[in-house]
Amino acid sequence: NIIMNDKSLASSKLRKVFWAYLAIAMMLLVLCETDLLDISILAGYERMEYISAVVMELIMLITIPIALFMVKMSVLRKWITSDSVRINTRYDLFANLRMLVLALPMILNLVFYYAFGNNPTFGYMAVIYFICMFLVYPSEARYESETNKQ
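Since we're looking at a predicted model, the values are computed, not measured. (Residues numbered from 1 in each chain as written. Predicted model: local features only at pLDDT ≥ 70, side-chain atom pairs only at ≥ 80, totals over all residues. Heavy atoms only, no water.)

1. Comments concerning the overall build of the protein
Each helix and strand counted, the protein has six helices and zero strands in total. Mapped in sequence order, the helices and strands of the protein form the string α-α-α-α-α-α. C-alpha extents for the protein along the principal axes are approximately 55 × 30 × 20 Å. A total of 150 residues make up the protein; the buried ones form 40% of that total. Counted over contacts in the protein with a minimum sequence separation of 6, partners at least 24 positions apart contribute 80%. When the accessible surface of the protein is split by element, carbon and sulfur atoms take 68% of a total near 8900 Å². (Helix = DSSP H or I, 4+ residues; strand = E, 2+ residues; numbered from the N terminus. Buried < 20%, exposed > 50% of the residue type's maximum accessible area, 1.4 Å probe, protein only. Contact = heavy atoms within 4.5 Å. Areas by Shrake-Rupley, 256 points an atom, 1.4 Å probe, with all protein chains shown as cover.)

Okay, structure coming up:
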């Protein structure tokens, strides 16, 4: 029963972090779309825009597979499950890292989208990250399957 409470508490904290990342992105989106926040300071810097787009595309090609398949890495899975006393703490660290790997580029792409004057490349990448965030949603079922706990 204690493990169940720890798991529920851990899942609850992770879900709060998950929704906080999405809330930050949505607040940025609403503030910029309503012109309450104007961050189009880089509009017209075409070379910088191109380089930023290429770098963000490369980051996307690296971060999404890593975040989605992190748990399949045997070294990481062994590390998470090797110590039954610290399994919740280790899983929390892992789940937070996985969400951060997706949320940070999502928010950065939103910033670039508005900073470069509504460049759709950054908008599409932000949407892709947004969708991927739901593929790593921290549920109790995910916790059980990724830690092999029943």
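2. Observations regarding the pattern of salt bridges
Close approach of charged atoms allows side chains with opposite charge to pair. Summed over all chains, the structure comprises two salt bridges. Between Glu146 and Arg98 there is a salt bridge, with its nearest N and O atoms 2.9 Å apart. Note that Glu146 is positioned in helix α6 (residues 140-147) and Arg98 in helix α4 (residues 87-115), a separation of 48 residues in sequence. Accessibility classification places Glu146 together with Arg98 in one group, the buried group. Ionic pairing is found between Glu146 and Arg142, a salt bridge with its closest N-O pair at 3.3 Å. Taken together, the residues Glu146 and Arg142, both in helix α6 and four residues apart, mark about one turn of the helix. Judged by relative accessible area, which is 22%, Arg142 ranks as partly exposed. (Salt bridge = Lys/Arg side-chain N within 4 Å of Asp/Glu carboxyl O.)

3. With respect to the nonpolar core
Core analysis: the largest hydrophobic core is formed by 41 residues, its most contacted members being Tyr91, Leu102, Met106, Phe122 and Met133. Looking at this core, the elements with two or more residues in it are α1 (2-33), α2 (46-69), α4 and α5 (120-135). With 15 residues, the top contributor of residues to this core is α4. (Core = buried A, V, L, I, M, F, W, Y, C linked by side-chain atoms within 4.5 Å.)

4. Details of the packing of aromatic side chains
Under the counting rule described, the total for this entry stands at 12 aromatic pairs. Look at Tyr91 and Tyr143: their rings are 5.0 Å apart centre to centre, the planes differ by 85°, and that puts the pair in the edge-to-face class. Placement of the pair is Tyr91 in helix α4 and Tyr143 in helix α6, with a sequence separation of 52 residues. Tyr91 gets classed as buried once you look at its relative accessible area, which sits at 1%. The class for Tyr143 is buried, based on a relative accessible area of 1%. (Phe/Tyr/Trp six-rings, centres within 6.5 Å; stacked < 30°, edge-to-face > 60°.)

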